Structures are given as C-alpha cells and as structure tokens.
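# Close look at the chain arrangement
Letter by letter, the chains look like this.
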Amino acid sequence: MTLTESLIAGGTPGATGFDVEQVRKDFPILARTVHDDLPLVYLDSAATSQKPLAVLDAERAYYELHNANVHRGIHVLAEEATGLYEATRDKVAAFIGATDRREVVFTKNSTEALNLVAYAMSNAETTGGEAERFRLGPGDEIVVTEMEHHSNLVPWQMLARRTGATLRWIGLTDDGRLNLDNLDAVITDRAKVVSMVHQSNILGTVNPVARIVARAREVGALTVLDGSQSVPHMPIDVAELGVDFLAFTGHKMCAPTGVGVLWGRYELLEVMPPFLGGGEMIEIVTMEGSTYAAPPHRFEAGTPMISQVVGLGAAVDYLTALGMPAIAAHEHAVTAYALDALATVPGTRIIGPPTGTDRGGAISFVLHDDAGRAIHPHDVGQLLDERGIAVRVGHHCARPVCLRFGVPATTRASFHLYTTTGEVDALVEGLHGVRRFFSR
Amino acid sequence: MKLDSMYQEIILDHYRNPLHRGLRDPFDAEVHHVNPTCGDEVTLRVKVSDGVVEDVSYESEGCSISQASASVMSDLVIGKKVDEALELEREFLALMQSRGTAEGNEDVLEDAVAFAGVSKYPARVKCALLSWMAWKDATAKAVDPAAAAAPTPGLAAPSLTPAAGAGAGPALDVPEQEKP
C-alpha cells in the first residue's frame, strides 16, 4: 500500500478535517474573476501555486516592521531580520524531517539548488582531498532519468561536458513509469552521482526512490532528489527517503517565487566545495585567497532573498497547520476523480500513469477531435482560457518525455490543496467544448 | 465568442487542408525552426530561381495557428519576386505586432489578414510568425550561400532535433512580446 493509499484508507478526505472550501478562502486570488465575470479555474499549480494570505501578510510585515540585511548588523532590525530568516531554516528542517538545521541551504529555486551540486562537483577538481567524493572525470558516469525536468537534466549534461564524464539515464515504460528492468546495467560502479525526480512534473509519476537509492548506494554513488513537485504535495522525510541531497522550490508550495532549498547530509555539505563565491560564504579573506564558512552559509553567498525566505516560513507554517497527510489525501482524491472524469472525454490520451497509484496531481493528456486528429495543446489551452480555465500547454520543460511518447506537446491540468472536483468538472466540460469547436 | 476573432474560418480551413505541405526537391536551402515554449517545429525548404520564389515546401508540427500560417505564407510567397515576398513578410510582421490595432491590407496580404485577431494574443504571435521566420531565414541562405555556411550571429544555438537536416537553423528569434 502506498503512502497516499494508506492515508485514504483511513476514510474520506473530509474525515481528516480538511475542508477545501475553507482552504480556498485563504487564497485571495481564487476569488477573482477573469474575462468579464467568469470564475477562475486555476489548474496550473505545477507551474506555480497560489499564495495564502498568511504568506502575503508575512512578507508585508517583514518589510513594514523588520527590514534589514541579515547576519551583519548589530542593530535591532538586523537582529529581528536575521531571527526571522533563520527561523525559516528551523521550520524547513522540521518540515522535511531533517535533524540538523545546518543541512538546509537557501537557494533561488530548485534549478539553482541542482546547479549548486553540479557545480560543486566540477569545482571539486581544484579542491583538496576532502572533496574526493565529489570529483568526477572521463570514465565516470552521471545517471538521471528520462522524465527529468530540464532543470535536473541540463545541469548534469553541462557537468558531463565540463568533466568528461558520461551521462546515462533510466528509460520509461509506456505508462510513464521508470523502466527498472535494467537498473543494475544503468547504475554501475562507474556512477558517481544519481539524480532523479521524485514526482514528475509532466507525467505525475511518483518514483520508487528507495529502490534506486539502494542501487546507488551499492555502487557508492551520491544521490540527488528533485522534490519540486513532491515536497509541496506530500509528507516528506529525508531520513526515510535515504537520499544525500534534496532540492525543492518555495513557489510551488504556497511561498513566494525566488526562494528554494537544497537539503544535504551535513557530512557531505561539510566537504563540498562552494558554488558561488562572495560575501557571507567566507571565513578569512586576504588578497591572496580565502577560506570558506561552514555550511549552510558556505552556499549562501551574497545578500539572500530575505523576504521570500520569511514568506517560505509562513508557507511551511500554513501547510503544517493543515497537515501534509490531509493535503496529500485531498489531492489524491481529486486526482483519482480527474482521471475517471477525463476517461469520459472521447479522444483523450493520458500521457502518464492511468491510475492514481503512485502518481500525483499533474495530469498530462492529448485531446483528439472526432476524426481522430490530435488537437494541438496550444489550441486546447486557448479555448479553455476562454472559459476561465488555466492549464499549462507545451512540453513542460521536459521535452525528452514528449519525444519518448511521440507527441509535440501536451495539455496539463495540475492540482493543489485548494483544487475542487467542481473545477475538474469545469475542465471536462471545457474539453467537450474544445472537441466540438475543432470537430465542426 | 471573442475567440472567433482569432480562429477565423479561413484559418481553420488552412489548418484542415494545408497548401504546399511536404518537403520537395529541388531546393536551395533548408532550415529547421522551433518555438521552444510550446514545441512547435517547422522544417522548411526554399527554391529560388532568377530572383523569384519558385517553391516553398515544409513539414511542421504545431497548433492550428502555426499550421495555417505556414499554409497561407507559402501560398502567398510562391511565384513572387524575393523582394516582393520580403516586403510581404515585413507587412505581416507589422500586423502581428499591432496588438489588435491593425486590420491588415487584404489587397497585399490576402488570406494572411485573417491572422489580425491573433495579434491580440501575445502568447500566440510567435505561432503565427514561426513559418514566416523560417522562410525568411531559408531565403537569405538560398540567395546568399555564403550566409548558409556561416553561423548566424547573435541567435540561439541550433536545434538538436535529428530531423533538422543539413540546414539546422537557429531557434525562432522574434522580439519578446509584452504580456497584456
């Protein structure tokens, strides 16, 4: 039984006390209308989530009352700002089950967090022996999966190019899952790092992390998990996941844009070379050279995104109060409902797992007209927008997945804690309308 | 429906029954252009003889707007002098950048005026322009083979698509449209 299934088994989402209509009242934007009085149906949360009032208030209060630079002033505002900034580190650590707050590094987003690890690995070339584990060169291998977001693919392609290492990947099955049949042949003792997505942003697939981590450990490879689409939607415990690094972004979990997190095991961060140099990340600086601060500050060069970090803290408080298990159960119910509902629309091909098992609330599909001709997602999205329904169309920064499934692009509906089954109904009605328009 | 201003019947006709589609020989230049935000792609060939656009042939994938635009564009420029066709391209580009304020000169642009409504939708302007930009690029290479051999400065890296062929071209480089 999967995590979400076991949560559901306890009863309906309502039984957890989760009231979606009440939750929606916390998000001012959900009350607005579009195109002259149409209610907004926001089904694009995998691109970015909406923000609750608590997060907006926290950012405003920070600027109205506490604004100062962090970690450098000795005046009252500086101490308050530093306190708020560092309090989020504690909140995030607790949120993901990290026992050591120094393992939480603030970045700009997931992309920067993943690049941080990739660049640290090539910087290890010119660092002392303590960074040995991060070094790689010709003959070494980097392993990813075919369902990565470009942010967890391109940095590794670039690392391979810089170091001469080889990039390999785990392929996909026809129903959008990782093909683990030849896992031992893909992850060999030449692998130095295995980086994979937890929940695919395009397929919705939730990957079997434990199995891949077990193989990576067997061969001594570092493991990196892209949690951009999982941390906002399900309970996460880094100890349970067993990975070495976890990257995620604030803006998909009700926090502002501009803040993300790299979590890493302290014993690894401690010997990992820095990525960006500058203020705040140093220990002693002379004209000849510098020594670096201990983690996490070694990886937080320059004035950080303070108000966004404060907003992230408020978002973590908000999600924690509602309860991630309850949120996961709600989204699982909406996803299962949507998969059933989409199956009633003729000519709909789901790109990704067809059932709710081990999958999250991002559903990609291709729609066909009465003649069986694919209606391009751009046209689908445009006609849905006319009804006030916001979906994402395109290759979702995962072009290799589109190539794998032989489609130029998909339409994607994605859900969050505030999504209702009524919104799914509106989508389905909208899709019938699109088919009528292009079948006429 | 407001959208009818974008999805003109004439556009849907070209989308359903595209003209001049399919890659043909002979040709002087072939390019491959993509719209990276939505996955629209076009491979386009141009044959120029004595300063006249003798043939434009293409294979493309994309939305109704981009498909219809390729059909309308090729039908419009085939048989025209290169200079006249380039003037049409400038005229069409201006129409697409008008944000819904221009109607377009039907005597000059013929079926292409049907795209006037698209200019109100900044996210879709690139769809309408994709094949025009590909044609312009291919034509420049056809009339000046030296340009075809040299990398185009200031443009994005070539597409990695295997279908790109000999004339793998730059990504679509259209001035960014502001969001409405």
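Only a predicted model underlies this, so the values are computations on that prediction, with no experimental measurement involved. (Residues numbered from 1 in each chain as written. Chains lettered and ligands numbered in written order. Predicted model: local features only at pLDDT ≥ 70, side-chain atom pairs only at ≥ 80, totals over all residues. Heavy atoms only, no water.)

## Some details on the sheet that holds strand β1 (residues 29-35) of chain B
Residue and element names in this part refer to chain B. Using the following cut-off: If DSSP finds at least two bridges between two strands, the strands pair. Numbered from the N terminus, helices here are DSSP runs of H or I no shorter than four residues, and strands are runs of E no shorter than two. The angle between two axes is taken between their N-to-C directions and runs from 0 to 180 degrees, where each axis is a line fitted to C-alpha atoms and a helix contributes only its stretch in contact.
Ordered by their spatial adjacency, three strands build an open sheet running β1-β2-β3, and the pairing between neighbours is antiparallel. Either end of the sheet is taken by a strand with one partner, and the two such strands are β1 and β3 (52-61). Averaged over all neighbouring strand pairs, the angle between strand axes comes to 20°, with direction disregarded. Across nine bridges, strand β2 (residues 40-49) lies against β3 in antiparallel orientation. Note on β3: the bridge partner recorded for Ser49 is Val52.

## Notes on the interface of chain B and chain A
As a reminder of what qualifies: Only heavy atoms enter the contact rule, under which two residues are in contact if any of them lie within 4.5 Å. Accessible-area loss on putting two parts together, using a 1.4 Å probe and summing over both, is the definition of buried area adopted here. We define a salt bridge as a side-chain nitrogen of Lys or Arg found within 4 Å of a carboxyl oxygen belonging to Asp or Glu.
With 26 residues of chain B at the interface, the matching set in chain A holds 19 residues. Around 1900 Å² of area is buried between chain B and chain A when both sides are counted, 47% of it from carbon and sulfur atoms. Inspection of the region where chain B meets chain A yields two salt bridges. A salt bridge links Arg399 of chain A to Glu41 of chain B, with the shortest nitrogen-to-oxygen separation between them at 2.7 Å.

## Focus on the UniProt feature "domain: NIF system FeS cluster assembly NifU N-terminal" (unreviewed entry) in chain B
Worth spelling out the cut-off: UniProt positions are given in the numbering used here, feature names are shortened, and annotations may be inferred rather than shown by experiment.
Here, the residues flagged by UniProt with the feature "domain: NIF system FeS cluster assembly NifU N-terminal" (unreviewed entry) are residues 6-127 of chain B. Summarising residues 6-127 of chain B: 39% helix, 22% strand, and an end-to-end C-alpha distance of 12 Å.

## Thoughts on the side chain of Ser110 of chain A
Position of Ser110 of chain A among the secondary structure elements: in helix α5 (residues 110-123). Beyond its immediate chain neighbours, meaning those up to four positions away, Ser110 of chain A contacts Asp226, Ser228, Ala247, Phe248 and Thr249 of chain A.

## Digging into the pairing of strand β18 (residues 410-414) of chain A
Residue and element names in this part refer to chain A. Filter applied, for reference: Exposure is judged per residue with a 1.4 Å probe applied to protein chains only, and the accessible area is read against the type maximum: over 50% gives exposed, under 20% gives buried, and values in between give partly exposed.
Summarising burial for β18: five of the five residues are buried, a large majority. Across four bridges, strand β14 (residues 362-368) lies against β18 in antiparallel orientation. Across the sheet, residue Ala362 finds its bridge partner in β18, namely Ser414. Of the pairings in the sheet, the one linking strand β17 (residues 392-394) to β18 comprises three bridges and is antiparallel in character. For Val393, the partnering residue across the bridge sits in β18 and is Thr411.

## Quick look at α5 of chain A
All names here are of chain A. Just so we agree on the cut-off: In this scheme, a helix's expected span is set at 1.5 Å multiplied by one less than its residue total. Polar contact criterion, stated in full: a pair of N or O atoms within 3.5 Å, where within protein one must be able to donate a hydrogen and the other to accept it, and residues adjacent in sequence count only if both atoms are side-chain atoms.
Taking 1.5 Å of rise per residue, 14 residues should cover 20 Å, and α5 covers 20 Å from first to last C-alpha, within 8% of that figure. Burial runs high along α5: ten of the 14 residues are buried. On its buried face, α5 is in contact with β4 (104-107), α6 (154-163), β7 (191-197), β8 (222-226), β9 (245-249) and β10 (260-264). Of the residues flanking the start of α5, the one acting as N-cap is Asn109, its side-chain oxygen 3.2 Å from the backbone nitrogen of Thr111.

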